[in-house]
Amino acid sequence: MHRALNKRLLIAIAVIVVLIITGGFIIHGSSGKVDFSTQVKPIINRSCISCHGGVRAKGGFSLLFRDEALAKTKDGKYAIIPGDADGSEMIRRLTSKDPEERMPYQHAPLPKEEIEILRKWINQGAQWGNHWAYMLLKPVDVPQPKKFFGLFKSKSAWAQNEVDNFIEDKFKEPDLKPSPQADKATLLRRVSLNIIGMQPSDNIANKFLQSNDANAYNELVDSLLASKHFGEKWASMWLDLARYADTKGYERDAGRNIWRYRDWLINAFNNDMPYDSFLIKQIAGDLLKGATDADYIATAFNRNTMTNDEGGTDNEEFRTAAVLDRVNTTWGAVMGTTFSCVQCHSHPYDPFKHEDYYKFMAFFNDTRDEDTEADYPLLRTYDNDTLQQELSTVVNWIKQNVSEKKSKEVNTFLKTWQPAYNSLTCDSFTNSELNDTKWASFRNHAACRLKNVDLNNKDRLIFRYQGWAAGGIWQIHLDSAKGETIAIIPLPQTNGWQITETTLRPSAGVHNLIFTYTNNNLRKPVDAGALLDWLYFTQELPGKDKQGYAAIKNDYWKLLKADVPTTPVMMDNPPDMHRASYIFERGNWLTKGDKVTPGVPASLNAFPKNAPQNRLGLALWITSKQNPLTARTMANRIWEQLFGNGLAETLEDLGTQGSLPTHTELLNYLSYQFMHDDHWSIKTLIKKIVTSATYKQDSRITPELEQKDPQNKFYARAPRIRLSAEQLRDQALCISGLMSDKMYGPGVMPYQPQGIWLSPWNGADWVQSQGEDQYRRAVYTYWKRSSAYPSMLAFDGVSREVCTAQRIRTNTPLQALTTLNDPAYIDAARHFAYRMQQCSSNIKTQISKGFQLATYQSINDKSLNALLNLYNKAFDQFSNNKNEIREMTAGMNEHEHAATAALIVVANAILNLDEVVTKN
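Residues numbered from 1 in each chain as written. Predicted model: local features only at pLDDT ≥ 70, side-chain atom pairs only at ≥ 80, totals over all residues. Heavy atoms only, no water.

Caption draft 1: Representation of the overall build of the protein. Looking only at helices and strands, the protein has 32 helices and 17 strands in total. The proportion of buried residues among the 920 residues of the protein is 55%. For the protein, the share of sequence-separated contacts (at least 6 apart) that also reach a separation of at least 24 residues comes to 71%. Entry remark: accessible area of the protein is about 40,900 Å², with carbon and sulfur atoms responsible for 51%. The centroid of the 106 positive side-chain charges in the protein is displaced by 4 Å from the centroid of its 103 negative side-chain charges. (Helix = DSSP H or I, 4+ residues; strand = E, 2+ residues; numbered from the N terminus. Buried < 20%, exposed > 50% of the residue type's maximum accessible area, 1.4 Å probe, protein only. Contact = heavy atoms within 4.5 Å. Areas by Shrake-Rupley, 256 points an atom, 1.4 Å probe, with all protein chains shown as cover. Lys, Arg positive; Asp, Glu negative; His and termini not counted. Charge placed at Lys NZ, Arg CZ, Asp CG, Glu CD.)

Caption draft 2: Representation of the environment of Asp-563. Structurally, Asp-563 can be placed in the loop between helix H18 (549–561) and strand E13 (566–568). A C-alpha to C-alpha distance of 32 Å links Asp-563 and His-477, two positions 86 residues apart in sequence.

Caption draft 3: View of the packing of helix H12 (residues 275–284) against helix H19 (residues 615–622). For the pair H12 and H19, the least separation of the axes is 9 Å and the interaxial angle reads 155°. The orientation of H12 with respect to H19, classified from their angle, is roughly antiparallel. Between H12 and H19 lies a crossing of right-handed hand. Counted together, Leu-279, Ile-280, Ile-283 and Ala-284 of H12 and Arg-615, Leu-616, Ala-619, Leu-620 and Ile-622 of H19 form the full contact between these two elements. When the residues that make up the contact of H12 with H19 are grouped by side-chain class, the tally is 8 nonpolar, no polar and 1 charged. (Axes fitted to C-alpha atoms, helices over the stretch in contact; angles between N-to-C directions. Parallel < 35°, antiparallel > 145°, perpendicular 65-115°, else oblique. Left-handed = near helix turned anticlockwise from the far one by under 90°. Nonpolar A, V, L, I, M, F, W, Y, C, P; charged D, E, K, R; others polar.)

Caption draft 4: Fine view of the side chain of Asp-263. Positionally, Asp-263 belongs in helix H11 (residues 259–270). Polar side-chain contacts of Asp-263 include one of 2.5 Å to the side chain of Arg-262. Once you skip the residues sitting within four places of it in the chain, Asp-263 turns out to touch Tyr-744, Gly-745 and Tyr-780. (Polar contact = N/O pair within 3.5 Å; in protein donor to acceptor, adjacent residues only side chain to side chain.)

Caption draft 5: Local environment of the pattern of salt bridges. Considering all chains together, one arrives at 54 salt bridges under this definition. Between Arg-368 and Glu-370 there is a salt bridge; the shortest N-O distance is 3.8 Å. Like Arg-368, the residue Glu-370 is buried in the burial classification. Residue Glu-540 is joined to Lys-544 by a salt bridge in which the shortest nitrogen-to-oxygen separation is 3.4 Å. (Salt bridge = Lys/Arg side-chain N within 4 Å of Asp/Glu carboxyl O.)

Caption draft 6: Spatial organisation of the nonpolar core. Formed by 131 residues in total, the largest nonpolar core has its most connected members in Trp-238 and Tyr-261. Those residues within four positions of Trp-238 in sequence are excluded, and the remaining contacts are Tyr-261, Leu-265, Phe-269, Tyr-275, Phe-278, Leu-279, Gln-282, Phe-301 and Met-634. Leu-728, Ile-735, Ala-794 and Leu-867 belong to the second largest nonpolar core, which has 48 residues in total. (Core = buried A, V, L, I, M, F, W, Y, C linked by side-chain atoms within 4.5 Å.)

Caption draft 7: Broad picture of the packing of aromatic side chains. Applying the stated criterion to the full structure yields 52 aromatic pairs. Judged by centre distance (5.4 Å) and plane angle (85°), the ring pair of Trp-639 and Tyr-715 falls under edge-to-face. Here Tyr-715 lies in the loop between helix H23 (703–708) and strand E16 (721–722) and Trp-639 lies in helix H20 (residues 630–643), a separation of 76 residues in the sequence. Judged by its relative accessible area of 0%, Trp-639 falls in the buried class. When the centroid spacing of 5.6 Å and the interplanar angle of 65° are considered together, the rings of Trp-757 and Trp-766 count as edge-to-face. (Phe/Tyr/Trp six-rings, centres within 6.5 Å; stacked < 30°, edge-to-face > 60°.)

Caption draft 8: Here's a closer look at helix H6 (residues 162–170). Among all positions in H6, only Val-163, Asp-164, Asn-165, Phe-166 and Ile-167 are buried. Residues of H6 that are buried in the fold lie against H20, helix H21 (664–675) and helix H22 (682–690). If you check the start of H6, you find a side-chain oxygen 3.0 Å away from the backbone N of Val-163, and it comes from Asn-161.

Caption draft 9: Looking closely at helix H9 (residues 216–226). Along H9, the residues classified as buried are Ala-216, Tyr-217, Leu-220, Val-221, Leu-224 and Leu-225. In this structure, the buried side of H9 is in contact with helix H7 (184–195), helix H8 (202–210), helix H10 (229–241) and H22.

Caption draft 10: View of the confidence of the model for the protein. Summing up the model confidence of the protein, the mean pLDDT is 92 and the portion of residues at 70 or higher is 96%. Throughout residues 12–30 the model reports pLDDT below 50, and contacts reaching past four residues in sequence, or to other chains, amount to 6 contacts. (pLDDT = per-residue confidence, 0-100.)

Caption draft 11: Structural view of unusual backbone geometry. In this model, Met-103 is joined to Pro-104 through a cis peptide bond whose omega is -5°. Here Pro-104 lies in the loop between helix H4 (89–95) and helix H5 (112–123). With a phi angle near 60°, Asn-712 is a residue other than glycine that sits in the positive phi range. Here Asn-712 lies in the loop between H23 and E16. Backbone geometry places Arg-800, a non-glycine residue, at a positive phi of 65°. With respect to the helices and strands, Arg-800 occurs in the loop between helix H25 (790–794) and helix H26 (813–821).

Caption draft 12: Layout of the side chain of Asn-908. Its place among the elements puts Asn-908 in helix H31 (residues 898–911). In this structure Asn-908 comes out as buried when scored by relative accessible area, which is 10%. Sequence-distant contacts of Asn-908, that is, excluding residues within four places in its chain, are made with Thr-819, Leu-820, Ile-826 and Ala-829.

Caption draft 13: Broad picture of the state of the cysteines. One pass over the structure, following the stated rule, counts 0 disulfides. Cys-341 forms no disulfide, and the closest cysteine sulfur to it belongs to Cys-344, at a distance of 9.0 Å. Residue Cys-341 is classed as partly exposed on the basis of its relative accessible area, which comes to 29%. Cys-734 takes part in no disulfide bond, and the closest cysteine sulfur, belonging to Cys-839, lies 16 Å away. Its relative accessible area of 12% is what places Cys-734 among the buried residues. (Disulfide = S-S within 2.5 Å.)

Caption draft 14: Structural detail: the environment of Met-273. Take Met-273: it is sitting in the loop between H11 and H12. Along the chain, Met-273 and Trp-680 lie 407 residues apart, while their C-alpha atoms are 8.3 Å from each other. When sequence neighbours within four positions are dropped, the list of residues in contact with Met-273 reads Trp-264, Ala-268, Phe-278, Lys-281 and Trp-680.

Caption draft 15: Up close: the packing of helix H29 (residues 861–879) against H31. In contact at an axis separation of 8 Å, H29 and H31 are set at 140° when each is read in the N-to-C sense. With respect to H31, the axis of H29 lies oblique. For H29 against H31, the interelement crossing comes out right-handed. Contact residues: H29 offers Leu-867, Leu-870, Tyr-871, Ala-874, Phe-875, Phe-878 and Ser-879, while H31 offers Ala-898, Ala-899, Ala-901, Ala-902, Leu-903, Val-905, Val-906, Ala-909 and Ile-910.

Caption draft 16: Representation of the pairing of strand E7 (residues 460–467). Most of E7 sits out of view: 8 of its 8 residues are buried. The two faces of E7 match: Arg-460, Ile-462, Arg-464 and Gln-466 on one face and Leu-461, Phe-463, Tyr-465 and Gly-467 on the other face are all buried. Pairing of E7 with strand E10 (residues 498–503) involves 6 bridges; the strand directions are antiparallel. Bridge pairing links Tyr-465 to Gln-498 in E10. The pairing of E7 with strand E12 (residues 528–538) spans 7 bridges and is classified as antiparallel. Bridge pairing in E12 places Ile-462 opposite Tyr-536. (Pairing = 2+ DSSP bridges.)

Caption draft 17: Looking closely at the environment of Asn-512. Summarising the element assignment, Asn-512 is placed in strand E11 (residues 510–518). Along the sequence, Asn-512 and Asn-130 sit 382 residues apart, while their C-alpha atoms lie 52 Å from each other. What Asn-512 contacts, discounting residues up to four positions off in sequence, is Arg-449, Leu-450, Lys-451, Asn-452, His-477, Leu-478 and Asp-479. There is a polar contact of 3.0 Å between the side chain of Asn-512 and the backbone nitrogen of Asn-452.

In structure tokens, the structure reads:
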């Protein structure tokens with residue numbers, strides 16, 4: 001009796017709960033609050049904004065910002081009156097029967113359902129809403145399975161960490177269940193390719209495959225994260241964003257010595273440099289207090305911009321193009337936003353105004369680079385221990401005998417030759433010119449001008465020049481050719497570039513300097529006698545009255561003239577060389593509008609208090625925990641690297657025209673954790689994802705999954721993705737046993753046929769690297785923008801002329817032709833065959849071992865028989881043709897027989913198997 005009463009009581013309670021819940025849904029549904037971001041904004045973007053937005057505001061009506069939308073239109077009416085849809089001109093025009101009045105004009109009318117949404121929204125106050133990506137990141141509750149009408153939480157039998165909780169919560173929508181966990185061999189290959197981009201060492205692989213420990217997979221992940229090859233893989237990803245290349249781009253596309261930046265990236269990833277520091281150093285490492293050489297090299301991120309070396313080009317035009325590229329790259333790579341649209345007009349879809357672009361540009365517009373042939377400013381690396389010691393001696397002596405401020409100035413000049421005036425900024429040429437638009441050159445009786453030089457407290461000029469004829473006299477005048485002469489400088493003939501100094505007559509103030517040059521040894525009017533590179537106005541090296549001065553000055557000049565390696569870096573102008581910034585009307589750099597100062601869009605987080613108004617302050621703004629975009633963009637990018645697609649598919653555009661995330665709350669959770677609990681640790685974020693049950697699922701697709709989720713948006717299985725261009729090459733080298741373990745250094749040149757790599761401007765050749773250098777990882781391959789390594793391009797590598805946020809994946813016959821016929825892959829197949837032969841003399845065992853080396857899987861009978869048949873056919877063909885044997889084995893005598901040639905064909909086939917070119 002008592003038990004029955006309890007049962008009836010429980011049923012009654014359940015009924016009441018259901019009624020309460022149902023009633024709550026009814027009440028909630030009746031309120032019907034319209035959401036701007038998900039309901040209104042899509043209608044506006046699709047049907048209205050092309051005529052009433054940032055590009056155009058027909059009739060004086062713009063829907064980009066709320067204040068604009070609520071303002072009077074051109075005819076004095078209000079298109080939107082909050083709380084009064086019937087009185088709003090927008091609704092009247094949307095419902096008008098007159099085709100000349102009805103909107104959208106000359107297009108199909110909006111569906112009644114959409115008009116009703118807009119009507120309801122206006123009546124509710126026409127509140128604007130923030131797009132999901134522009135909302136401040138906040139803690140996110142991790143969803144948990146629930147029971148008893150959702151009243152009580154339960155524990156998931158499948159989820160292994162919080163990532164799985166979010167994924168499993170979404171399974172309810174299409175009524176899906178997760179796939180089983182993949183086998184160990186598949187997991188080993190998958191996670192290795194994702195974390196280090198290549199096969200792991202035999203020790204790591206065998207330890208995992210042979211272990212029965214429940215924690216073996218987590219130990220494998222830790223080993224891969226600790227591998228020195230981790231940085232190489234993730235640097236490869238970042239190089240696309242940084243538009244890294246070993247050449248300068250444009251038509252001439254000459255070489256650039258910037259590989260130290262690539263090596264800096266590898267070390268940064270290997271050391272798990274916090275992502276905020278990683279960005280700060282790349283954006284403003286030179287402005288950090290006590291900046292090191294490594295901090296300067298990090299700023300080469302923004303020196304990967306192209307430089308136009310072609311004669312006849314306008315240096316200011318291409319300097320400006322580089323500055324604009326830095327703006328676009330910062331937003332595209334770091335904040336996942338199409339800010340480049342704002343160069344010409346306010347953003348048509350997102351809350352960024354035209355002037356925002358140029359305020360942001362002002363952070364980058366005051367740097368020392370000026371499209372010079374030498375790529376100034378350069379960090380001069382004293383990698384010789386003797387020179388490094390001499391530098392320390394000079395700097396410390398000046399610090400002790402003069403001042404710390406002067407020692408910093410001397411240190412900066414010795415290591416960068418900055419801040420110097422580049423002669424390409426000269427103008428007003430008479431009988432002189434910019435030689436090849438790069439250097440000021442002088443003929444007899446020449447004159448030109450260098451504007452706005454601050455001569456206060458300057459009594460020395462250090463300059464770099466070439467003398468092409470003896471007898472030249474260079475004079476410097478104040479303000480006019482007849483003005484006061486402050487220097488008369490003999491310019492003798494030189495053998496190449498020389499650095500020297502001259503005294504200056506003391507002068508105060510800022511002046512235009514007029515340079516004149518005479519040389520009666522020049523017999524033809526067109527002959528040039530001298531060429532200027534850069535000019536550094538300074539004071540005589542101080543401390544003349546101190547002990548040891550002569551030795552210090554001698555070392556100073558030795559260091560200044562030393563021929564040392566260099567890397568293009570970022571440096572700001574000093575105050576006396578400041579460059580003002582202006583809005584470009586309609587994006588045209590020749591049509592300057594209002595003057596602007598550095599600033600960030602008001603629609604995002606505020607600029608940090610007390611932060612300097614320079615690139616360092618900008619970097620602090622970007623990495624502020626109040627910035628809604630930076631962490632989201634990187635978390636989304638890491639997910640894309642591991643799963644093939646981002647949670648928001650459009651990595652380059654998290655704005656209102658980008659794809660909505662499949663799992664918004666998961667992306668927000670990962671992003672918030674990345675900033676706060678993970679302290680910007682990229683390795684921690686990667687580990688969190690790859691140790692999830694979601695990541696470890698089998699990738700096989702069932703009929704149910706194909707029907708309910710063909711594109712795998714709900715992650716009820718693991719993805720199948722073709723390897724990247726770099727991974728395909730690296731994997732072939734690993735499987736064949738050719739992979740070099742050598743790290744760092746200048747780009748290498750693996751084999752490619754003659755005639756592909758052309759450099760008509762300078763006649764440079766692709767000189768094949770020798771020894772192990774030709775078998776180094778793809779990240780070290782020399783990258784020429786106008787002629788990148790062919791097999792890389794075949795597999796969707798990019799030219800890196802601009803930032804590429806996401807590579808496309810294509811499937812073309814050229815790819816099969818590459819892996820089947822490219823000499824580099826044939827070479828790998830040869831050595832793979834030799835490796836297979838070392839395992840056994842039995843052909844079945846050789847093929848089985850080869851399949852295992854390539855996939856970590858045991859070969860099945862069907863595949864073994866297919867490869868064995870291929871071997872037999874090849875063997876029969878080679879047996880009667882020594883020339884074909886020699887061609888297949890490359891004429892190596894010890895391998896020049898039919899069995900080896902046939903096995904090379906099999907090895908080549910294995911390297912082209914779907915299981916090998918795809919990450920399952």
